[in-house]
Amino acid sequence: MFPGPLGLSLAGKALATGLWTLEPIDIRAHAHDKHRSVDDTPAGGGPGMVMRADVLARAVDVAVGTDDARPRLAMSPRGLPLTQSRVATLAKGAGAVILCGRFEGVDERLIEGRGFEEVSIGDYVLSGGEIAAFVLLDACVRLLPGVMGKEASGAEESFSQGLLEYPQYTRPQLWEGRSIPAVLTSGDHAKVDAWRRAEAERLTRTRRPDLWAAHLGAAGKPEKARTRRANKPRRDG
Ligand code: ADE
């Protein structure tokens, strides 16, 4: 499945020019029986199949090595929710080893024994971790220096303050009877900033009361505490 969509567009160009690298590992190549099985039935019974600890461990040990200090992330709906601040931390780091589970899940002993941290991209269940890994990688790659240019900075600025983005418009001025809000074409930058801020706050308050509460909480704190809080993976999402 890799690089899949990450081989196209900006991420694809950056991959081709070596701004980032990807080394997909075929877990099945590390199976040891003639059927090359990577899974087995769940201990205790129940539906589906579970990925075997011994096969996965061999894939990790052979392909990644035991002294690799990069964070080890297992994509799973059971994991800590992925946040923009976690993405920013990962993008600044040395990379990551990402395990994409299939079937009912991965033997818990592999997660513990090889030091994987489970990461979720949202409260819904995908058929495998690969698409979740695409999401994580895309969010990280666009932050790497040279990948996006300065377009990225505005959006980051907005999200890192814990607010949703304000609405955007472009030409034509009038479309199907709808016009661009007059303030945006007034040329008054202070008024534009104030309008955008008010819209970002309105959208966050109405759509994401959880983000709004966190934003209000952070606003009362000194800058240093805010930064520390933003970088820490949060258990409550
Ligand atoms: N694998 C299946 N569902 C997932 C999710 N929501 N997040 C991360 N990995 C997953």
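Note that the coordinates shown come from a computational prediction; the quantities given were computed from them, not determined experimentally. (Residues numbered from 1 in each chain as written. Predicted model: local features only at pLDDT ≥ 70, side-chain atom pairs only at ≥ 80, totals over all residues. Heavy atoms only, no water.)

With respect to topology, three strands assemble into an open sheet ordered E4-E3-E6, the strand pairing being parallel. Each of the sheet's edge strands pairs with one partner strand only, and the pair in question is strand E4 (97-100) and strand E6 (117-120). When the angles between neighbouring strand axes are averaged without regard to direction, this sheet yields 55°. The pairing of strand E3 (residues 72-81) with E4 spans four bridges and is parallel. Bridging from a neighbouring strand, Leu 73 pairs with Ile 98 of E4. (Pairing = 2+ DSSP bridges. Helix = DSSP H or I, 4+ residues; strand = E, 2+ residues; numbered from the N terminus. Axes fitted to C-alpha atoms, helices over the stretch in contact; angles between N-to-C directions.)

Going from Phe 2 to Pro 3, the amide bond is cis rather than trans, its omega being 0°. Note that Pro 3 resides in the segment before helix H1 (9-16). Residue Pro 172 is bonded to the preceding Arg 171 through a cis peptide linkage, with omega at 5°. Looking at the element boundaries, Pro 172 is found in the loop between helix H6 (151-160) and strand E7 (174-175).

In this structure the tally under the stated criterion is 13 salt bridges. The salt bridge partner of Asp 40 is Arg 52, with a shortest N-O separation of 4.0 Å. Placement of the pair is Asp 40 in strand E1 (residues 39-40) and Arg 52 in the loop between strand E2 (50-51) and helix H2 (53-63), with a sequence separation of 12 residues. Taking relative accessible area as the criterion, Arg 52 reaches 26% and is therefore assigned partly exposed. What you see here is one network of salt bridges that share partners, running through Asp 40, Arg 52 and Asp 54. (Salt bridge = Lys/Arg side-chain N within 4 Å of Asp/Glu carboxyl O. Buried < 20%, exposed > 50% of the residue type's maximum accessible area, 1.4 Å probe, protein only.)

Of all the positions in H2, only Ala 53, Val 55, Leu 56, Ala 57, Ala 59 and Val 60 are classed as buried. Close packing links the buried residues of H2 with E2, E3, E4, strand E5 (105-106) and helix H4 (108-113). With its phi angle positive at about 95°, Gly 65 sits one or two positions after the end of H2. (Contact = heavy atoms within 4.5 Å.)

It is worth spelling out the site of the ligand at this point. Around the ligand, the neighbouring residues are Met 75, Ser 76, Pro 77, Val 119, Ser 120, Ile 121, Gly 122, Tyr 124, Val 125, Leu 126, Gly 128 and Ala 132. One of the backbone nitrogen or oxygen atoms of Ser 76 is found 3.0 Å away from a nitrogen atom of the ligand. Taking Tyr 124, its main chain carries an N or O atom lying 2.8 Å from a nitrogen atom of the ligand. Sorting the residues of the shell around the ligand by element identifies E3 and E6 as the ones contributing at least two each. Here the element with the most residues in the shell around the ligand is E3; it accounts for three residues. Looking at the shell around the ligand residue by residue, the classes come out as eight nonpolar, four polar and no charged. (Near = heavy atom within 4 Å. Polar contact = N/O pair within 3.5 Å; in protein donor to acceptor, adjacent residues only side chain to side chain. Nonpolar A, V, L, I, M, F, W, Y, C, P; charged D, E, K, R; others polar.)

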